[in-house]
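Coordinates in review
Each chain is listed here by its residues.
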Amino acid sequence: MSPQPQAAVGASLSRVDGRLKVTGQALYAAEHDVEGSVHAVIVDASIGRGRITSIDSGAAEALPGVLKVLHHRNAPKLPYRDNSGSNNPPGRRLRVFQDDRVLFHGQPVAVVVATTLEAAQHGASLVKVGYDAEQSLTDLTEAEPGEPTTYARGDAEAALRSAAVRLDLTYRTARNHHNPMEPHATIARWKGDQLTVWDKTQWVLGTQTELAAVFGLETDAVRVISPFVGGGFGTALRCWPHVVVAVLAAREAKRPVKLVLSRKQMYLGTGFRPSYEYRLRLGSDRRGRLSAAVHELDAETSSYETFTESVLAAGQMLYSMPNVSQAYRTVPLDAPTPLYMRGPGFQTASFVIESAMDELAHQLGVDPIELRRRNEPNEDESSGLPFSTRRLRECYAVGAREFGWHRRNPRPRSTREGDWLIGRGMAAGVYDTARMPAQARARLGADGTALVEAAATDMGPGTYTSQTQVAADALGLTVRTVTFRLGDSLYPPTPPHGGSMTMASVGSATLDACNKVRRQAIELAVGDPESPLYGVAGGDVVVRGGRLHVKNDPTRGETYRRLLARNDRTHLEADGSFAPPSGPERHSFYGYNATFAEVAVDATLGLVRVRRVLGVYDAGRIISPKLADSQALGGMVGGIGTALMEHTVTDHRDGRIVNANLADYLVPVNADIPDLKAIYLDGEDREADPLGVKGLGELVMIGVAPAIANAVFNATGRRVRELPITTEALL
């Protein structure tokens, strides 16, 4: 087949769902109008560990409008059967209302169902819970870690002992919470044994599978709907206990139930980026050639589940190094389970590795970019595989030129503007190019419009728009004649909307489905004696603007509408799919970036102000530059928050989150956001997927925090190895 003209892909289009959002017509989880809905409010545990000794719900049950108060003493026991393939480990879930154990502060211990939200809230405040409290353990530095996950090549300890230059550095990162604008919300409705759930989720199929497992249902008895998600950053990648509570409450109340978490409750049981203590020992020769690295890191997890993330990968492949040793230990705490947060694992590793590289460059008197160039690998040394693409050298060159890196004075505390110390720093970033099996369905109607469906999600990156662009070009239609639907478990299955895999996975399935429909139309035309295309080789036909024509003779052709009408076809339809090649990988797949930052630090007060950030990305083919910019600038903002503001504070006496609100948990606001710029290297990665794309959403945040930390050092001469960087650390 001749290549299709590409009119939509690569164009900076506005979001196809933008009007729905700005006019309030886009319905989020809590906004669906489900007839007969009542309200549920969760009662949270006020201790960090122990047992429930009593529950007095009498006052709540006597309140007008209250229908039910459920807790472990009256809730039915649920099957919680094995759910292999879902998003929770079998047998290790938090089994809400199934026993008297309290495993963390804020755990759901009861739920009040009432005809109005106000009655449910008042009722929840009247439920009295007695506890036999035990001493909770929530401090990462005081708990006993589990057995380590290890990696090794060469003999890192011996190489360190013989290294001419050695660094022994310990870094600490704070717990971060996702804090999307939309709170978690669930509406659950039972009709007999059929369950429908409207939920804030980044994976409708994961929630479907989990609810089927918990309630002992067949998977197809559960439907999950989530057409719009108001921000996620990873917090909606699994089915949390509050979803189970809503479904249970709906079954017991025999009414549809709406449950919306408060902002405070968003800190109590919907995940977070875990805190780390990360020791890195680094060895090199006097020219900066790395010889060895030993990574020893501890990360928090919950006492009832073991959460891990890809924090080791960057230390294995980012730089050429013959000797590497890693030990990654999780530390069980009396806390809820962490979850993936934007740039999971790689974000933490990037801060440590890239800060250490900057320290090494300063000690050796080598430019930080030059040090990285000297340690650029020829292949992925963790696997021996060639990189599908790796253009970090080009990222460095373009970034240095555009940022004006040559104007940076390498001597710390040497550049000043009045009371402000000026510093510039940079960091490299890497993130896994994830791809998973996905399916999509495309339908071309007799009116010349198309409908494409997939059970994907859009939490903000623009899935509706980017998939529409791919479908429009594959079908030879304009964007306005294509509709893409997502967010329903009835649609063809797709992977989670996380890990920056949606464009590569779902986009490739969309491409396949639409290519099949276009080919069906071409085959129909070239085999139809009444068609102007009769007898033409199918490979010589392309479609543009809904019109099929000979590639080199645009005058010879006809429209989809005319072709289907003449052949009495109401539509053409095909299912598409994508899966990475089976068997061992032949390449190492990653996206890369170089991030540059300039900061100003008040010499007297220690206040840090980011003045500009530049990111240069090797991210394959860019489907929508406008959406890519939205992702990149948002990632930079998130990186600024991680570097300078975000820090979940725990009272270790009982596990209470002290700053569980947006007044005390600081995130960047408009006044904190400087000049941000993103540059994308032109190219594609056809080894990764048919579209040639790499994931972008995670990559754009990685490297921002260490670039800022390195700039702070350049400005002040003070090396801070703990995030966030506070004023106190600089005084």
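Note: the structure precedes this text.
Quick caveat, the model's predicted, so the values are computed rather than measured. (Residues numbered from 1 in each chain as written. Predicted model: local features only at pLDDT ≥ 70, side-chain atom pairs only at ≥ 80, totals over all residues. Heavy atoms only, no water.)

Bringing the pairing of strand β21 (residues 541–544) into the picture now. Looking along a regular strand, one sees the side chains alternate between the two faces of the sheet. Pairing of β21 with strand β22 (residues 547–550) involves four bridges; the strand directions are antiparallel. For Val541, the partnering residue across the bridge sits in β22 and is Val550. (Pairing = 2+ DSSP bridges. Helix = DSSP H or I, 4+ residues; strand = E, 2+ residues; numbered from the N terminus.)

Attention now moves to the packing of aromatic side chains. Summed over all chains, the structure comprises 15 aromatic pairs. Between the aromatic rings of Tyr28 and Phe228, the centroid separation amounts to 5.8 Å while the plane-to-plane angle is 55°, which identifies the pairing as tilted. With Tyr28 in the loop between α1 (18–22) and β1 (38–44) and Phe228 in the loop between β11 (222–225) and α6 (241–253), the pair connects residues that are 200 residues apart, well separated along the chain. Over the face of the ring belonging to Phe589 we find Arg435, whose NZ or CZ atom lies 4.2 Å from the ring centre. (Phe/Tyr/Trp six-rings, centres within 6.5 Å; stacked < 30°, edge-to-face > 60°. Lys NZ or Arg CZ within 6 Å of the ring centre and 35° of its normal.)

In this section: the packing of helix α11 (residues 463–475) against helix α12 (residues 502–526). One can describe the packing of α11 onto α12 by two numbers: an axis separation of 8 Å at closest approach and a directional angle of 30°. Between α11 and α12, the angle falls in the class roughly parallel. Once α11 is placed against α12, the crossing between them reads as right-handed. Between α11 and α12, the residues in contact are Thr463, Ser466, Gln467, Val470, Ala471, Ala474 and Leu475 and Thr502, Met503, Val506, Gly507, Thr510, Leu511, Cys514, Asn515, Val517 and Arg518, respectively. For the contact of α11 with α12, the class distribution of residues is nine nonpolar, seven polar and one charged. (Axes fitted to C-alpha atoms, helices over the stretch in contact; angles between N-to-C directions. Parallel < 35°, antiparallel > 145°, perpendicular 65-115°, else oblique. Left-handed = near helix turned anticlockwise from the far one by under 90°. Contact = heavy atoms within 4.5 Å. Nonpolar A, V, L, I, M, F, W, Y, C, P; charged D, E, K, R; others polar.)

Let's shift gears to the packing of helix α14 (residues 625–644) against helix α15 (residues 704–716). When two helices pack together, their arrangement is given by the angle between the helix axes and the distance between those axes. Running from N to C, α14 and α15 cross one another at 55°; their axes reach a closest spacing of 8 Å. With respect to α15, the element α14 is oriented oblique. As for the relative orientation of α14 and α15, their crossing is right-handed in sense. Across the interface between the two elements, Gly635, Met636, Gly639, Ile640, Thr642, Ala643 and Leu644 from α14 touch Val704, Ala705 and Ile708 from α15.

So, about the side chain of Asp488. Note on placement: Asp488 falls in the loop between β20 (482–485) and α12. At a separation of 2.5 Å, a polar atom in the side chain of Asp488 contacts the side chain of Arg223. A distance of 2.9 Å separates the side chain of Asp488 from the backbone nitrogen of Leu490, its partner in a polar contact. (Polar contact = N/O pair within 3.5 Å; in protein donor to acceptor, adjacent residues only side chain to side chain.)

Counting across every chain of the model gives 45 salt bridges. Residue Glu453 is joined to Arg485 by a salt bridge in which the shortest nitrogen-to-oxygen separation is 3.6 Å. Separated by 32 residues along the polypeptide, Glu453 in strand β19 (residues 450–453) and Arg485 in strand β20 bring together distant segments of the chain. A residue is classified by how much of its surface remains accessible, and Glu453, at 12% relative accessible area, is buried. (Salt bridge = Lys/Arg side-chain N within 4 Å of Asp/Glu carboxyl O. Buried < 20%, exposed > 50% of the residue type's maximum accessible area, 1.4 Å probe, protein only.)

Okay, the pairing of strand β18 (residues 438–445) next. Sheet topology note: the β18/strand β24 (residues 571–578) ladder contains eight bridges and is antiparallel. In the strand pairing of β24, Ala440 is matched with Gly576. Both β18 and β19 contribute to a ladder of four bridges, which runs antiparallel. The partner of Arg441 across the bridge, within β19, is Glu453.

Moving on, we come to the nonpolar core. By size, the foremost hydrophobic cluster in this structure holds 92 residues, and its most contacted members are Val599, Tyr617, Leu644 and Ile708. Beyond its immediate chain neighbours, meaning those up to four positions away, Ile708 contacts Ala597, Val599, Val610, Gly639, Ile640, Ala643 and Leu644. By size, the runner-up hydrophobic cluster in this structure holds 50 residues, among which are Phe228, Leu511, Leu524 and Leu533. (Core = buried A, V, L, I, M, F, W, Y, C linked by side-chain atoms within 4.5 Å.)

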